[in-house]
There are 4 protein chains.
Amino acid sequence: MTNKKMKVVLAYSGGLDTSIILKWLQTEYDAEVVTFTADLGQGGEVEPARRKAEMLGVRPENIFIDDLREEFVRDFVFPMFRANTVYEGQYLLGTSIARPLIAKRQIEIARQVGADAVCHGATGKGNDQVRFELGYYALEPDIKVIAPWREWPYASREALINFAEKHQIPIAKDKQGEAPFSVDANLLHSSSEGKVLEDPAVDAPEYVHQRTISPEDAPDEATTVTIDFEKGDPVAVDGKALSPASLLEKLNSLGHDNGIGRLDLVESRFVGMKSRGVYETPGGTILLAAHRGMESITLDGGAMHLKDELMPRYASLIYNGFWFAPEREMLQAAIDHSQQHVTGRVTMKLYKGNATVIGRESAHSLYDQDLVTFEEGSGSYDHRDAAGFIRLNALRLRTLAQRKARLDPTKTRSS
Amino acid sequence: MTNKKMKVVLAYSGGLDTSIILKWLQTEYDAEVVTFTADLGQGGEVEPARRKAEMLGVRPENIFIDDLREEFVRDFVFPMFRANTVYEGQYLLGTSIARPLIAKRQIEIARQVGADAVCHGATGKGNDQVRFELGYYALEPDIKVIAPWREWPYASREALINFAEKHQIPIAKDKQGEAPFSVDANLLHSSSEGKVLEDPAVDAPEYVHQRTISPEDAPDEATTVTIDFEKGDPVAVDGKALSPASLLEKLNSLGHDNGIGRLDLVESRFVGMKSRGVYETPGGTILLAAHRGMESITLDGGAMHLKDELMPRYASLIYNGFWFAPEREMLQAAIDHSQQHVTGRVTMKLYKGNATVIGRESAHSLYDQDLVTFEEGSGSYDHRDAAGFIRLNALRLRTLAQRKARLDPTKTRSS
Amino acid sequence: MTNKKMKVVLAYSGGLDTSIILKWLQTEYDAEVVTFTADLGQGGEVEPARRKAEMLGVRPENIFIDDLREEFVRDFVFPMFRANTVYEGQYLLGTSIARPLIAKRQIEIARQVGADAVCHGATGKGNDQVRFELGYYALEPDIKVIAPWREWPYASREALINFAEKHQIPIAKDKQGEAPFSVDANLLHSSSEGKVLEDPAVDAPEYVHQRTISPEDAPDEATTVTIDFEKGDPVAVDGKALSPASLLEKLNSLGHDNGIGRLDLVESRFVGMKSRGVYETPGGTILLAAHRGMESITLDGGAMHLKDELMPRYASLIYNGFWFAPEREMLQAAIDHSQQHVTGRVTMKLYKGNATVIGRESAHSLYDQDLVTFEEGSGSYDHRDAAGFIRLNALRLRTLAQRKARLDPTKTRSS
Amino acid sequence: MTNKKMKVVLAYSGGLDTSIILKWLQTEYDAEVVTFTADLGQGGEVEPARRKAEMLGVRPENIFIDDLREEFVRDFVFPMFRANTVYEGQYLLGTSIARPLIAKRQIEIARQVGADAVCHGATGKGNDQVRFELGYYALEPDIKVIAPWREWPYASREALINFAEKHQIPIAKDKQGEAPFSVDANLLHSSSEGKVLEDPAVDAPEYVHQRTISPEDAPDEATTVTIDFEKGDPVAVDGKALSPASLLEKLNSLGHDNGIGRLDLVESRFVGMKSRGVYETPGGTILLAAHRGMESITLDGGAMHLKDELMPRYASLIYNGFWFAPEREMLQAAIDHSQQHVTGRVTMKLYKGNATVIGRESAHSLYDQDLVTFEEGSGSYDHRDAAGFIRLNALRLRTLAQRKARLDPTKTRSS
């Protein structure tokens with residue numbers, strides 16, 4: 001009787017935690033592990049993950065390493081920025097938006113290698129487990145999902161280190177103890193949370209920041225930069241056309257240097273609790289302001305107001321892991337439809353934490369100097385039209401006031 | 001035969017334009033003019049308006065000068081900030097929110113003096129005419145409204161100056177020519193628009209700014225300040241209890257000194273055109289960030305997300321002049337209901353244009369360190385619950401994926 | 001050593017299923033069971049539940065039987081109808097709206113008797129488990145919740161019957177086999193689901209209907225009835241003032257006799273699946289139409305449109321069990337604010353399944369015959385105002401068309 | 001000096017009112033009139049309009065008569081029904097949806113014949129003037145619009161009849177006096193308003209109904225019919241494929257015969273007043289119910305709830321005349337995206353005013369009998385998952401309850 005091993009595709013960073021998971025899958029599940037390591041621009045090399053996986057006994061054909069940076073920015077980050085998306089008024093969703101892509105690629109690999117299960121390293125209290133798993137299930141409804149942090153018995157850091165030592169998993173010196181905070185990073189942002197950040201009354205220490213210098217350390221001279229847009233997406237910086245990932249990298253570099261994009265936030269997790277995170281989104285912060293600036297002259301007011309009303313729900317869908325849900329796609333269809341004329345150039349001033357639009361121009365502009373000028377301008381506008389406009393807009397308010405007076409005559413003018 | 005004169009209550013600033021209107025009402029309408037001058041914290045004295053009105057022939061009992069600063073901030077600005085209100089993602093509605101109060105007081109005076117009409121100095125292309133007049137009609141449905149800019153024949157600045165000279169209206173030297181831009185101000189903000197600002201591609205010149213120094217000129221040291229909230233409204237700065245107007249003045253001063261609150265925006269007017277304005281809202285910008293910070297630990301996620309979805313419409317209602325409309329009041333009822341626990345203290349860092357929350361604390365906090373910690377915490381949270389939570393949230397996505405596979409078997413894993 | 005028994009408050013109908021649960025709690029949990037039986041107008045006596053509980057060994061002081069009909073209608077049904085609430089366009093939420101009240105009363109009793117836990121008889125696939133438990137937790141966050149259907153090992157009807165027989169629980173003859181469908185009922189509605197209804201392609205058999213005769217069986221003559229409203233709630237039928245529960249009973253009787261209020265629906269459950277139910281809401285169906293009719297002349301259009309946009313979310317919150325969530329209360333505050341003038345009389349025609357508004361009148365009416373007449377009416381409306389109203393509403397559309405022509409001159413008229 | 005006549009395209013019904021307008025344009029504007037008569041299924045011939053126009057001196061090449069029925073239903077009615085659109089909870093927008101098509105065709109003709117202006121016969125108090133003119137301006141921003149009812153001096157019916165007689169416009173006997181109500185009709189609906197309908201307290205007389213028999217007069221036997229859908233649009237009745245217009249005609253006939261689709265409504269006009277109309281939408285009423293039925297098994301709950309929330313705004317946009325506005329198109333993009341699987345068959349029962357879904361089936365069904373059954377079904381659902389689902393959904397409610405208890409200990413259970 002054959003005893004076929006379960007085959008599991010693990011989202012593998014090469015770090016200590018996912019290495020422990022890798023070994024745990026091999027030992028506890030007796031699984032054949034397939035590792036998938038994505039370069040999403042988190043910084044650092046991904047190739048060491050290959051060596052580490054090999055060292056932990058993963059067969060070479062079971063090691064997948066993909067550079068997903070362009071796809072990440074083009075198909076996930078940019079569509080999200082078309083909506084000026086922020087969660088709870090502020091968070092640019094840097095972690096949330098990466099999860100569906102990882103899930104998607106993991107499922108593709110699972111199909112390719114004929115795997116039975118997928119596995120991720122997200123903890124049992126966070127949002128990421130939801131985002132990964134909703135992605136898995138939406139793409140492969142009968143896949144088995146393994147979430148070690150919800151399953152294994154290791155309740156403390158010490159127990160995990162013991163497991164690692166027992167299985168000869170190399171542990172970097174600085175990982176012996178507990179990290180003072182936990183980090184996630186990709187081309188869009190870095191996040192830090194936990195430990196030293198757990199008291200929201202206490203300022204985040206400077207050393208948690210990794211992607212930006214502080215506004216105080218930024219240059220005393222402002223940097224001016226132009227960003228060109230086509231149909232809602234940025235395509236060039238200072239006139240130089242760039243691929244999506246290269247463009248975001250360029251903005252990240254500008255943001256980093258000018259202390260732009262830090263956010264210290266207490267947010268409402270989908271799983272029901274409040275948590276505090278420190279986010280750094282240097283390029284994204286510039287991009288959000290620039291995109292709003294581009295829309296300000298190219299997007300009709302009615303369309304903009306609808307977008308603004310839809311945005312919070314769109315943001316929650318992404319935050320909660322529903323990227324592949326039909327209602328996210330419906331909102332995306334509406335948003336994308338609005339962007340066909342969001343084309344032109346925005347000039348930004350970057351200065352010590354501030355990313356400010358100082359100019360916008362476009363062949364698609366709806367701004368009409370003739371129309372808006374105090375002087376008599378084009379024939380499109382007749383001042384007297386405003387009288388009728390106001391009177392009909394006022395009609396229902398007048399009717400309401402008349403009712404009030406009728407029902408309570410003591411409140412009326414004539415009394 | 002009696003020849004009773006029409007009595008008109010004019011919103012009178014004491015400036016050249018409303019002085020011309022005053023005289024025009026007297027000469028063209030043969031009206032008895034009642035002036036109403038409000039101190040909304042626009043800066044400068046309001047008493048000179050009395051002398052000027054007297055000089056233009058207004059009888060002393062027909063001159064009304066009111067200090068409305070506390071009412072303005074308490075009953076208009078603070079309710080609006082409870083909603084984290086911004087129009088088109090950015091504008092803090094400093095002009096819009098003052099209009100309903102002026103309209104309301106003007107109608108009260110009209111009732112008191114038995115006036116037949118009210119009159120304002122807003123132009124025929126802007127939003128303010130709508131805001132004034134919707135306010136008038138909502139409060140006094142049969143009032144006659146006079147809007148000189150839509151009625152008189154003076155098509156150029158020169159014609160107006162001629163009228164002024166003809167009627168001995170004193171003209172300040174610097175008003176002989178045309179102002180390089182037009183200004184509105186109150187305790188919440190200053191706005192500048194027109195002329196030198198009419199090309200949205202060109203950076204706003206430094207000299208249009210009146211309420212803030214530039215970030216570049218702000219101190220190299222950050223200022224730290226605490227703001228205390230009670231039920232959604234700020235009540236103290238650095239622990240010192242302040243009345244609404246005094247508190248906003250204090251924040252304005254802090255904002256001014258730290259280069260905070262400038263906005264250069266192209267917006268969509270209610271009357272249908274795009275216009276460009278430069279807004280300075282120093283205290284309001286700090287307040288918006290602080291209020292969001294306070295809500296971040298005291299407001300439930302579900303309530304916050306609903307607020308965020310309602311906000312753009314609430315903002316449009318205020319922007320468009322519908323403060324007294326029932327749907328604005330309905331939204332206010334919902335918003336106010338959410339604020340009963342938005343109480344506590346926020347610590348802000350102010351630095352060269354940045355207003356950043358660096359700490360929040362509250363006896364009403366919903367943040368639970370025990371719940372969120374990576375370590376095993378309180379018994380309220382069981383990691384395994386997340387598995388069921390995810391699986392049921394995923395159920396409809398799985399059903400959708402199964403349908404897709406059923407209808408297009410070539411796309412399935414097993415193929 | 002004391003061996004204090006766990007004390008559990010059970011939502012007890014007196015039927016077979018909850019009797020089995022009662023016994024199971026006594027035998028498996030070794031619990032002291034407190035029964036709570038609510039009269040929500042489900043029909044039939046509630047007193048037999050007392051005798052049955054006694055027979056099953058519940059001590060008299062542990063038996064709670066409450067008539068909650070007035071509270072149910074006044075504090076739950078009527079507030080919901082103020083919003084014209086329907087789920088997925090059609091369902092009047094008759095089951096959903098009863099659950100929070102049962103949960104609330106159960107928690108009150110738990111506090112009174114010092115119970116450790118609460119228990120309900122809802123199954124593990126339905127919405128009701130969610131509604132009960134969200135209610136419990138919202139009111140008593142640390143209560144223990146027992147959900148037998150998710151816990152016990154009885155996977156089939158047969159196993160349950162065996163348990164019942166073993167514990168001498170009397171089983172009505174017609175309960176020996178499986179019911180052809182499952183039922184929930186209260187003063188607002190009856191629902192039927194399962195078994196014979198599980199194929200949504202097949203028409204529901206006539207015998208599942210319990211609260212209405214069929215339209216075919218209803219009289220050939222229409223019944224005309226008036227309903228009076230005060231601030232959004234019905235207060236009288238045919239001029240006779242009635243308490244909330246009596247009024248709903250009266251409308252139920254009228255609806256029953258005229259074949260009104262049947263709905264055969266496939267709906268989306270909160271737990272992620274589609275299910276099919278047959279609902280009968282005779283009085284509620286009349287009330288919904290009448291309330292809309294009353295609003296049609298007393299509620300401002302702006303307020304009505306906001307209500308209509310908020311309603312689907314409000315409905316989902318109730319359907320999903322979030323009655324006690326702050327966002328439901330926020331929406332209620334907005335809705336209730338809108339109802340202050342929804343006062344007057346509606347005349348309804350009831351005929352073979354149709355509940356039709358044929359007249360409405362109110363001292364609070366906003367309908368103004370003078371205004372709307374084709375003839376020249378009151379001075380409030382000047383036809384020429386419409387020209388300006390239209391031109392300014394059109395301005396942004398014209399600007400968009402001009403852009404289109406500018407960018408693609410081949411599409412313009414002049415070409 | 002050339003004296004080129006103004007050329008005007010008139011939306012011409014052939015009736016008395018638009019004949020008077022035609023003559024008025026010729027005499028008062030000295031215009032060359034081009035008539036456009038559309039067959040939108042209003043009933044009656046359109047060819048007589050040709051003879052009448054000729055008789056009134058319109059040159060043959062200036063007479064345009066188009067059968068737009070298929071385009072009307074396919075490109076306007078069906079897209080609207082994909083959204084389950086109703087205005088103010090009830091009105092199926094039969095008049096509103098026809099106006100943009102007439103405006104579009106009128107502009108096309110204006111371009112073809114090189115006209116200077118377009119003209120319609122809508123009055124100055126209604127919505128139709130807005131719908132026509134917003135359509136004109138959105139498609140041809142600089143077109144001149146002539147709205148005789150807002151311009152001419154004829155304040156009474158008598159004055160108009162005098163004008164007609166003076167210009168030898170033939171007047172049907174029954175048009176000598178005033179009609180007891182005014183009518184609009186097309187393939188989707190007939191509307192009646194004014195005069196005998198102006199008191200909303202009084203029941204609409206039977207004789208105003210034109211497209212339906214009364215429920216009382218309908219057959220005593222129910223009619224059963226199936227409707228097939230593809231991607232959200234109906235394509236066949238009783239298995240017989242039909243073109244859009246033919247299908248709607250078929251449903252109209254079925255609705256007519258069964259007394260379906262009458263609505264007596266007081267609605268809020270865009271121009272600010274309440275008005276009362278009697279609408280008959282026999283086929284549309286059946287279609288709305290059938291479409292909801294089709295969606296109930298084929299549309300995901302998340303998508304459906306988003307649609308339901310967007311619908312009221314979508315309805316207002318159409319009602320207010322913003323069919324060509326970008327936000328209507330954005331919403332349409334979202335709605336259309338949702339319809340790709342709304343394919344299958346619905347069985348309807350039609351009986352004396354009731355249009356009831358009694359069965360639905362689809363290869364695209366999301367209804368899963370295995371999942372929903374009370375018995376243990378497929379492996380996709382584990383009852384125990386519901387516990388975790390509920391506990392995490394409850395977490396924020398528990399935190400809120402804990403805060404409440406903390407702040408007011410007298411309210412807690414332990415007290």
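Since the structure is predicted, the reported quantities are computational estimates derived from the model, not experimental observations. (Residues numbered from 1 in each chain as written. Chains lettered and ligands numbered in written order. Predicted model: local features only at pLDDT ≥ 70, side-chain atom pairs only at ≥ 80, totals over all residues. Heavy atoms only, no water.)

*Asks:* Looking at this structure, how should I read the overall build of chain A?
*Replies:* Counting its regular elements, chain A contains 13 helices and 14 strands. Taken along the three principal axes of its C-alpha coordinates, chain A extends 95 × 55 × 45 Å. Across the 415 residues in chain A, those meeting the buried criterion constitute 66%. Within chain A, residue pairs in contact and separated by at least 24 positions form 72% of the contacts whose partners lie at least 6 positions apart. (Helix = DSSP H or I, 4+ residues; strand = E, 2+ residues; numbered from the N terminus. Buried < 20%, exposed > 50% of the residue type's maximum accessible area, 1.4 Å probe, protein only. Contact = heavy atoms within 4.5 Å.)

*Asks:* Hey, could you run me through the UniProt feature "domain: Arginosuccinate synthase-like N-terminal" (unreviewed entry) in chain A in this one?
*Replies:* Those places that UniProt annotates as "domain: Arginosuccinate synthase-like N-terminal" (unreviewed entry) correspond, in this numbering, to residues 7-170 of chain A. Helix makes up 47% of residues 7-170 of chain A and strand makes up 15%, while its end C-alpha atoms are separated by 24 Å. (UniProt positions renumbered as here; feature names shortened; annotations may be inferred.)

*Asks:* I'm lost on the sheet that holds strand β1 (residues 7-11) of chain B in this one. Help?
*Replies:* Within a sheet, adjacent strands bond to each other through the backbone by hydrogen bonds, running parallel or antiparallel. Residues and elements named next belong to chain B. In spatial order, the strands read β3-β2-β1-β4-β5; together these five strands make up an open sheet with parallel pairing. Each edge of the sheet is formed by a strand with only one pairing partner; in this case those strands are β3 (63-67) and β5 (144-146). Neighbour-to-neighbour, the strand axes of this sheet turn through a mean angle of 20 degrees, independent of strand direction. In the sheet, β1 pairs with strand β4 (residues 117-119) via three bridges, with the strands oriented parallel. (Pairing = 2+ DSSP bridges. Axes fitted to C-alpha atoms, helices over the stretch in contact; angles between N-to-C directions.)

*Asks:* What is the right way to look at the relation of the copies chain C and chain D in this model?
*Replies:* One copy of the chain maps onto the other through a rotation about an axis plus a displacement along that axis. Each copy of the sequence occupies a distinct position, and chain C is placed on chain D by a rotation of 180 degrees and an axial shift of 0.0 Å, giving an RMSD of 0.0 Å. Here the two chains are linked by the operation of a two-fold rotation axis. Of every C-alpha in chain C, the one belonging to C:Glu309 sits nearest the axis of rotation, 2.8 Å from it. Here 100% of the interface residues in chain C have copies in chain D that are interface residues too; the copies meet face to matching face. (Least-squares fit on C-alpha atoms with pLDDT ≥ 70 in both.)

*Asks:* What am I meant to see in the UniProt feature "binding site: L-citrulline" (unreviewed entry) in chain A here?
*Replies:* Residue and element names in this part refer to chain A. Taking the numbering used here, the UniProt-annotated feature "binding site: L-citrulline" (unreviewed entry) corresponds to Tyr91, Ser96, Asn127, Arg131, Ser182, Ser191, Glu267 and Tyr279. Tracing the backbone shows serine 182 in strand β6 (residues 182-185). Note that serine 191 resides in strand β7 (residues 190-193). Each residue touching serine 191, except ones within four places of it in the same chain, is listed here: Thr95, Ser182, Val183, Asp184, Val278 and Tyr279.

*Asks:* What is the right way to look at the interface of chain B and chain A in this model?
*Replies:* When the parts of a complex come together, some accessible area is lost, and that lost area is often used as the size of the interface. Contacts between the two partners involve 104 residues from chain B and, on the opposite side, 104 residues from chain A. In total, chain B and chain A occlude about 9300 Å² of area from one another, counting both sides; carbon and sulfur atoms represent 56% of this. Where chain B meets chain A, there are eight salt bridges. Linking B:Asp142 and A:Arg398 is a salt bridge whose minimum nitrogen-to-oxygen distance equals 3.8 Å. Among the elements that line the side of chain B that touches chain A, the one with the most residues is helix α13 (residues 383-407) of chain B, at 15 residues. (Buried area = accessible area lost by both parts, 1.4 Å probe. Salt bridge = Lys/Arg side-chain N within 4 Å of Asp/Glu carboxyl O.)

*Asks:* Quick question: what am I supposed to make of the sheet that holds strand β5 (residues 144-146) of chain C here?
*Replies:* Residue and element names in this part refer to chain C. A sheet is described by the order of its strands in space; here five strands give the open sequence β3-β2-β1-β4-β5, paired in parallel fashion. Because the sheet does not close on itself, it has two edges, and the strands there are β3 (63-67) and β5. With strand direction ignored, the average angle separating the axes of adjacent strands in the sheet is 20 degrees. The pairing of strand β1 (residues 7-11) with strand β2 (residues 32-39) spans five bridges and is classified as parallel. Across the sheet, residue valine 8 finds its bridge partner in β2, namely valine 33. Running over the sheet, helix α1 (residues 16-28) touches β1, β2, β4 (117-119) and β5 and is turned about 175 degrees from β1.

*Asks:* Sorry, what's going on with the packing of helix α11 (residues 326-338) of chain A against helix α11 (residues 326-338) of chain D here?
*Replies:* To characterise two packed helices, one gives the angle between the axes of the helices and the distance between these axes. Close contact between α11(A) and α11(D) brings their axes to 8 Å; oriented N to C, the two are set at 145 degrees. Here α11(A) runs over α11(D); the crossing is right-handed. Here A:Glu329, A:Met330, A:Ala333, A:Ala334, A:His337 and A:Ser338 of α11(A) come into contact with α11(D), specifically with D:Glu329, D:Met330, D:Ala333, D:Ala334, D:His337 and D:Ser338. Residue composition of the contact of α11(A) with α11(D), by class: six nonpolar, four polar and two charged. (Left-handed = near helix turned anticlockwise from the far one by under 90°. Nonpolar A, V, L, I, M, F, W, Y, C, P; charged D, E, K, R; others polar.)

*Asks:* I'm lost on the interface of chain C and chain D in this one. Help?
*Replies:* Taken together, the contact between chain C and chain D spans 104 residues of the former and 104 residues of the latter. Between chain C and chain D, the buried area comes to about 9300 Å², and carbon and sulfur atoms account for 56% of it. Notably, a salt bridge pairs C:Lys349 with D:Glu216, separated by 2.9 Å at the nearest N-O pair. The interface formed by chain C and chain D contains 37 residue pairs in polar contact (both at pLDDT 80 or more). Among the elements that line the side of chain C that touches chain D, the one with the most residues is helix α13 (residues 383-407) of chain C, at 15 residues. Per-class residue counts for the side of chain C that touches chain D are 44 nonpolar, 21 polar and 39 charged. (Polar contact = N/O pair within 3.5 Å; in protein donor to acceptor, adjacent residues only side chain to side chain.)

*Asks:* Looking at this model, I keep getting lost on the pattern of salt bridges. Mind explaining?
*Replies:* Side-chain pairing between opposite charges can occur once the charged atoms of the two side chains come close. Applying the stated criterion across every chain yields a total of 140 salt bridges over all chains. Notably, a salt bridge pairs A:Glu108 with A:Arg105, separated by 3.0 Å at the nearest N-O pair. Residue A:Glu108 and its partner A:Arg105 are located together in helix α4 (residues 99-113), separated by three residues, close to a single helical turn. Between C:Asp39 and C:Arg69 there is a salt bridge; the shortest N-O distance is 3.6 Å. Remark: C:Arg69 occurs in helix α3 (residues 69-82) and C:Asp39 occurs in strand β2; sequence separation between them is 30 residues. Residues joined by salt bridges that share partners form a network here, namely A:Asp66, A:Glu71, A:Lys104, A:Arg105 and A:Glu108.

*Asks:* Looking at this structure, how should I read unusual backbone geometry?
*Replies:* Leaving glycine aside, a negative phi is the common case for residues, and trans is the common case for peptide bonds. Residues and elements named next belong to chain B. Residue lysine 231 is not a glycine yet carries a positive backbone phi of 50 degrees. Counting through the fold element by element, lysine 231 comes out in the loop between β8 (223-230) and β9 (233-237). What makes lysine 231 exposed here is its relative accessible area of 53%.

*Asks:* Would you take a moment to explain helix α11 (residues 326-338) of chain B for this structure?
*Replies:* A turn of α-helix holds 3.6 residues, and therefore any two residues three or four places apart point the same way. Taking 1.5 Å per residue as the helical rise, α11(B) with its 13 residues ought to reach 18 Å, and the 19 Å between its terminal C-alpha atoms agrees with that figure. Turning to α11(B), its buried residues number three or more, namely B:Pro326, B:Glu327, B:Arg328, B:Met330, B:Leu331, B:Gln332, B:Ala333, B:Ala334, B:Ile335 and B:Ser338. Tucked inside the fold, the buried residues of α11(B) contact α13 (383-407) of chain A, α3 (69-82) and α10 (301-319) of chain B together with α10 (301-319) and α11 (326-338) of chain C. (Expected span 1.5 Å × (residues − 1).)

*Asks:* Quick question: what am I supposed to make of the side chain of C:Glu88 here?
*Replies:* Residues and elements named next belong to chain C. Looking at where glutamate 88 falls in the secondary structure, it is placed in the loop between α3 and α4 (99-113). Nearest to the buried, unbridged glutamate 88 among oppositely charged side chains is lysine 274, at 5.2 Å. Only 3.5 Å separates the side chain of glutamate 88 from the side chain of tyrosine 87, close enough to count as a polar contact. Only 2.8 Å separates the side chain of glutamate 88 from the side chain of serine 268, close enough to count as a polar contact. (Lys, Arg positive; Asp, Glu negative; His and termini not counted.)

*Asks:* Would you explain the pairing of strand β2 (residues 32-39) of chain B in this entry?
*Replies:* A regular strand carries its side chains on alternate faces of the sheet. Residues and elements named next belong to chain B. Burial within β2 is extensive, with eight of its eight residues counted as buried. Here β2 shows no split at all, with Glu32, Val34, Phe36 and Ala38 on one side and Val33, Thr35, Thr37 and Asp39 on the other all buried. Crossover handedness for the path β1 to helix α1 (residues 16-28) to β2: right-handed. Here β2 runs beside β3; their pairing, made up of five bridges, is parallel. Across the sheet, residue alanine 38 finds its bridge partner in β3, namely aspartate 66. A crossover links β2 with its parallel partner β3, the connecting element being helix α2 (residues 47-55), and its sense is right-handed. (Right-handed = clockwise from strand over helix to strand, strands pointing away.)

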